[in-house]
Amino acid sequence: MEKNDSEREKYYFEKEKSDVGRRSERGSRGRPRRLGERLPSAGAPADCGPSRALLLLLTLLLMPAAGTLMVGVEVPTQVDGFLDESVNLTCQLQTSPGVSIQMSQITWMKQGEEKSLAVFHPTRGPYYQDPGRMKFLAVGQGTKLPDASLELSALQIDDEANYTCHYATYPTGSSKGTTWLRVLAQPQSSAVALKAVQPPTALSVPVPLAHCEAADGHPAARLSWSAHLPGVANTTQGPGSRPGTVSVVSVFSAVPSRQAHGQVVTCVVQHQTWAEPLQLPVHLSVLYPPEVSIVGYDHNWYVGRRDVTLSCDIQSNPVYTHFNWTTTLGTLPSSAQAQGTQLQIAMVDEAINTTFICNATNAMGTGQGEVTIVLRERPPASISPGAIVGVVLGVLWIIGSIVLIFLCRHFHGQNQLNISTNGNVAYSSVRKEDVPLKDTPASNGGCIASPDSHHVD
């Protein structure tokens, strides 16, 4: 009857213990065997003659000297596998040139377990602890120098361990090599903004604004934050949803404010399965009541000024749901017309000399802004460009006239007087043609003097 798995494994262990190179047989009376001594067997003579002794002597002579490398097992130091996927544990037997050996058994063992993980015997074939997840890749019945590589599929986190590939050979004995299997699981990462509420008090404290998670990873991921506003990060970790995995959570906290709303902070996730860190940007969302201001007043309003506008600037999250314009007197002047968030004033009058108020409301509360209008005196009427040109031309005509009179008088004085160097007065001759007729009007204010008029210094 065929042996079950347990019996087959027991057989492999017993067979391995009986291989040449591990045997230490004793005689029937418990003493060690001497060189050339045969084991007694039923139906055989007690002594087979010198042939047995000669055979053993030849075997000892043909064996290499101690310390010579004859057989080795080549395995990688570490192998990486991914959760739920397959991995190959490679193992190959290396021998020195010219060495002839016979393989008697291959065994794979997992660190910390007494039971063999997988066994191969040249005549009896393979044995697996979990046949659905394991198989030898190259060995088969009748193989003399096999490749003992073993495939593990559907990896779990608890498969992570040291694995030893063990060869039993004749006549060199046993050789083995150990590989560390590292099982990796990529984390599922995400980052979201949290709805933070701006406190009404001036003394604010940090509140959670962003949440980042790297779930079901192995080993655990590392989380950090990159931000342009002051804040603190609180990072915790715990068991993942899959056995052996770890979930890491980090929360970024800062003082909520209108300035923080809309800012971008980045969650940086680092894991051994990625060559570069994963960056997850988060747009912060801070809830705050409306912050209102009124713009458009330039402090130069006067009665009669036309087409001026006041605008109500509202900043809020969520968006305001209601707003209105009022004054300290309660109602708007008839000259002011509200058009949405703007107040249009076609003509400034005395009624505009008041305080305007804009109120806005959202789910977080109400805010208001106000501005007081102080009317100034009306500036003097401006002069038209034509009048300016006329004034300039008039001034130029007056200046020209003055210059002309000065030149005429200067020229007349040079023709009438010729003063000698000794201080005497010299009279210039007057031609007849230069003397005006008696009936020609002349005066002292003209440019031509009478011949009878002389001036002496």
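To be clear, the structure that these remarks concern was listed above.
One structure accompanies this document, and this report is about it. What you are looking at is a predicted structure, and each value in this text was computed from that prediction instead of being measured.

**Describing the packing of aromatic side chains**
With the rule as written, the count across this model stands at five aromatic pairs. Relative to Phe136, the ring of Tyr128 has its centre 5.7 Å away and its plane inclined at 35°; by these criteria the two rings are tilted. The burial state of Tyr128 is the same as that of Phe136; both residues are buried. Ring geometry for Trp225 against Phe252: centres 5.6 Å apart, planes inclined by 45°, an arrangement best described as tilted. Taken as a pair, Trp225 in strand β15 (residues 222-226) and Phe252 in strand β17 (residues 246-254) lie far apart in primary sequence, 27 residues in all. Accessibility classification places Trp225 together with Phe252 in one group, the buried group. Here a set of aromatic residues connected by ring pairs shows up, and it is made of Phe120, Tyr128 and Phe136.

**What to know about the sheet that holds strand β25 (residues 355-362)**
With respect to topology, three strands assemble into an open sheet ordered β22-β25-β26, the strand pairing being antiparallel. The open sheet terminates on both sides in strands that have one partner only, identified here as β22 (322-327) and β26 (365-372). Along the sheet, successive strands turn relative to each other by an average axial angle of 15°, direction set aside. Pairing between β25 and β26: eight bridges, direction antiparallel. Bridging from a neighbouring strand, Thr361 pairs with Thr366 of β26.

**Looking at a nonpolar patch on the surface**
Where nonpolar side chains cluster on the molecular surface, the patch consists of Val391, Val395, Ile399, Val403, Phe406 and Leu407 and spans about 580 Å² of accessible area. Inspection of the secondary structure assignment puts Val403 in helix α3 (residues 385-416). Judged by its relative accessible area of 44%, Val403 falls in the partly exposed class.

**Section: the sheet that holds strand β18 (residues 264-270)**
In space, the three strands of this open sheet follow the order β15-β18-β19, with antiparallel pairing throughout. Each end of this open sheet is capped by a strand with a single partner; those strands are β15 and β19 (278-283). For this sheet, the mean inter-axis angle between neighbouring strands, taken without regard to orientation, is 25°.

**Section: the state of the cysteines**
This model, assessed by the stated rule, comprises three disulfides. Each sulfur of the disulfide joining Cys212 and Cys267 lies 2.0 Å from the other. Residues Cys212 and Cys267 are joined by a disulfide whose S-S torsion is about -75°; by sign, that bridge is left-handed. Note that Cys212 is positioned in strand β14 (residues 207-217) and Cys267 in strand β18, a separation of 55 residues in sequence.

**Quick notes on the pattern of salt bridges**
Evaluated as defined, the whole model comprises eight salt bridges. In this structure, Arg182 and Asp80 form a salt bridge, with 2.8 Å as the shortest nitrogen-oxygen distance. Taken together, the residues Arg182 in strand β11 (residues 173-184) and Asp80 in strand β2 (residues 78-82) connect sequence positions 102 residues apart. Residue classification places Arg182 among the partly exposed positions, given a relative accessible area of 21%. Sharing partners across several salt bridges, the network here consists of Asp130, Arg133 and Asp159.

**A few points about the side chain of Lys110**
If you trace the backbone, Lys110 turns up in strand β5 (residues 102-110). A polar contact of 2.8 Å, which involves the side chain of Lys110, links it to the backbone oxygen of Asp158. Excluding residues that lie within four positions of it along the chain, Lys110 makes contacts with Asp158, Asp159, Ala161, Asn162 and Tyr163.

Criteria and cut-off values
- Sequence order sets the numbering: in each chain, residues are counted from 1 along the sequence as written.
- The model is predicted, so local features are restricted to residues of pLDDT at least 70 and side-chain atom pairs to those at 80 or more, both for listing and for counting; the totals for chains, interfaces and linings are taken over all residues.
- Hydrogens and waters are ignored; side-chain quantities use all the structure's heavy atoms.
- Pairing of aromatic side chains here covers Phe, Tyr and the six-membered ring of Trp, requires ring centres within 6.5 Å, and sorts the geometry by plane angle: under 30 degrees stacked, over 60 edge-to-face, intermediate tilted.
- Here the term buried applies to any residue with accessible area under 20% of the maximum for its type, exposed to any over 50%, and partly exposed to those in between, with areas from a 1.4 Å probe on protein chains only.
- The way it works is that DSSP assigns letters per residue, a run of H or I at least four long becomes a helix, a run of E at least two long becomes a strand, and they are numbered from the N terminus.
- Paired strands, in this sense, are two strands between which DSSP finds at least two bridges.
- For helices, the axis comes from a line fit to the C-alpha atoms of the stretch in contact; other axes are also lines fit to C-alpha atoms, and the angle between any two N-to-C directions lies between 0 and 180 degrees.
- A patch consists of residues whose relative accessible area exceeds 30% and which take part in no salt bridge; residues with like charges are grouped when within 9 Å of each other, and nonpolar side chains (Val, Leu, Ile, Met, Phe, Trp, Tyr) when within 5 Å.
- Exposure was quantified through the Shrake-Rupley algorithm and a 1.4 Å probe, taking into account, for residues, occlusion by the shown protein chains and nothing else.
- Only one rule defines a salt bridge in this text: a Lys or Arg side-chain nitrogen within 4 Å of an Asp or Glu carboxyl oxygen.
- By disulfide we mean two sulfur atoms from cysteines, separated by a distance within 2.5 Å.
- Pairing of N or O atoms within 3.5 Å defines a polar contact, subject to two protein rules: one partner must be a possible hydrogen donor and the other a possible acceptor, and residues neighboring in sequence count only if both atoms are side-chain atoms.
- Contacts are assigned to residue pairs that have any heavy atoms within 4.5 Å of one another.

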